[in-house]
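The lines below spell out each chain.
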Amino acid sequence: MWIGWIELDVLLGDVHSLKEKRSVVRPVLAELKRRFDVSVTEAEYHDQYRRTVIGAGLVAADRAHLVEVLAAVERLVAARPELELLSARQRELRSDD
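Caption draft 1: A look at the environment of Pro 81. Among the secondary structure elements, Pro 81 is positioned in the loop between α2 (63–79) and β4 (83–94). Under the relative-accessibility criterion, Pro 81 is labelled exposed at 78%. Measuring from C-alpha to C-alpha, the distance between Pro 81 and Leu 12 comes to 9.5 Å, with 69 residues separating the pair along the chain.

And the structure:
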């Protein structure tokens with residue numbers, strides 16, 4: 001069994017309040033969860049309105065599937081015009097590590 005996660009450091013576009021931030025981030029989290037069946041969260045910068053870290057994680061039977069899904073998550077976030085992906089950190093572990 002493989003466990004993996006990705007942390008996406010994101011800069012938000014034309015956002016001027018925490019309320020606007022939520023209106024941008026929540027649909028992205030919902031789409032990631034719906035399309036890829038991953039666990040997602042807004043992980044950092046809760047008090048800053050133009051920056052966030054999106055975390056996504058999953059458990060898979062094999063590493064290839066895990067890497068494929070995490071790469072797709074990164075591509076989806078990078079393709080969103082209202083977001084600028086600053087960096088991505090990914091990690092995979094075997095359950096017996």
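Caption draft 2: Structural detail: the nonpolar core. Membership of the largest hydrophobic core comes to 25 residues, with the highest contact counts inside it found for Leu 32, Phe 36 and Val 73. Every element with two or more residues in this core is listed here: β1 (2–12), α1 (18–36), β3 (51–60) and α2. Ranked by residues supplied to this core, first place goes to α2 with seven residues.

Caption draft 3: Seen up close, unusual backbone geometry. A positive phi is found at Asp 37, a non-glycine position, where the angle reads about 55°. Relative to the helices and strands, Asp 37 resides in the loop between α1 and β2 (39–44). With a relative accessible area of 68%, Asp 37 lands in the exposed category. Notably, Tyr 45 is not glycine yet its phi reads approximately 60°, a positive angle.

Caption draft 4: Highlighting α1. Compared with the 27 Å implied by 1.5 Å per residue over 19 residues, the 26 Å span of α1 between its first and last C-alpha is a close match. Inspection of α1 places Lys 21, Val 24, Val 25, Val 28, Leu 29, Glu 31, Leu 32 and Phe 36 among the buried residues, and these make up the whole buried set.

Caption draft 5: Representation of the packing of α1 against α2 within the structure. The interhelical angle for the contact between α1 and α2, taken along N-to-C directions, is 145°, at an axis separation of 11 Å. Pair α1 / α2 crosses with right-handed handedness. In this structure, α1 uses Val 28, Glu 31, Leu 32, Arg 35 and Phe 36 to contact α2, whose residues at the interface are Val 69, Ala 72, Val 73, Leu 76 and Val 77. Split into classes, the residues belonging to the contact of α1 with α2 amount to eight nonpolar, no polar and two charged.

Caption draft 6: Focus on α2. The terminal C-alpha atoms of α2 lie 24 Å apart, and with 17 residues this matches the ideal 24 Å at 1.5 Å per residue to within 8%. By the burial criterion, the buried members of α2 are Leu 66, Val 69, Leu 70, Ala 72, Val 73, Leu 76 and Val 77. All buried residues of α2 project into a common sector of 155° when viewed along the axis, lining one side. Residues Ala 64, Glu 68, Arg 75 and Ala 79 are exposed on α2 and point more than 90 degrees away from its buried face. One side-chain oxygen of the residue at the start of α2 lies 3.3 Å from the amide nitrogen of Ala 64, identifying that residue as Asp 62.

Quick notes on the rules
- Residues numbered from 1 in each chain as written.
- Predicted model: local features only at pLDDT ≥ 70, side-chain atom pairs only at ≥ 80, totals over all residues.
- Heavy atoms only, no water.
- Helix = DSSP H or I, 4+ residues; strand = E, 2+ residues; numbered from the N terminus.
- Buried < 20%, exposed > 50% of the residue type's maximum accessible area, 1.4 Å probe, protein only.
- Core = buried A, V, L, I, M, F, W, Y, C linked by side-chain atoms within 4.5 Å.
- Expected span 1.5 Å × (residues − 1).
- Axes fitted to C-alpha atoms, helices over the stretch in contact; angles between N-to-C directions.
- Left-handed = near helix turned anticlockwise from the far one by under 90°.
- Contact = heavy atoms within 4.5 Å.
- Nonpolar A, V, L, I, M, F, W, Y, C, P; charged D, E, K, R; others polar.
- Arc of directions from axis to C-beta.
- Polar contact = N/O pair within 3.5 Å; in protein donor to acceptor, adjacent residues only side chain to side chain.

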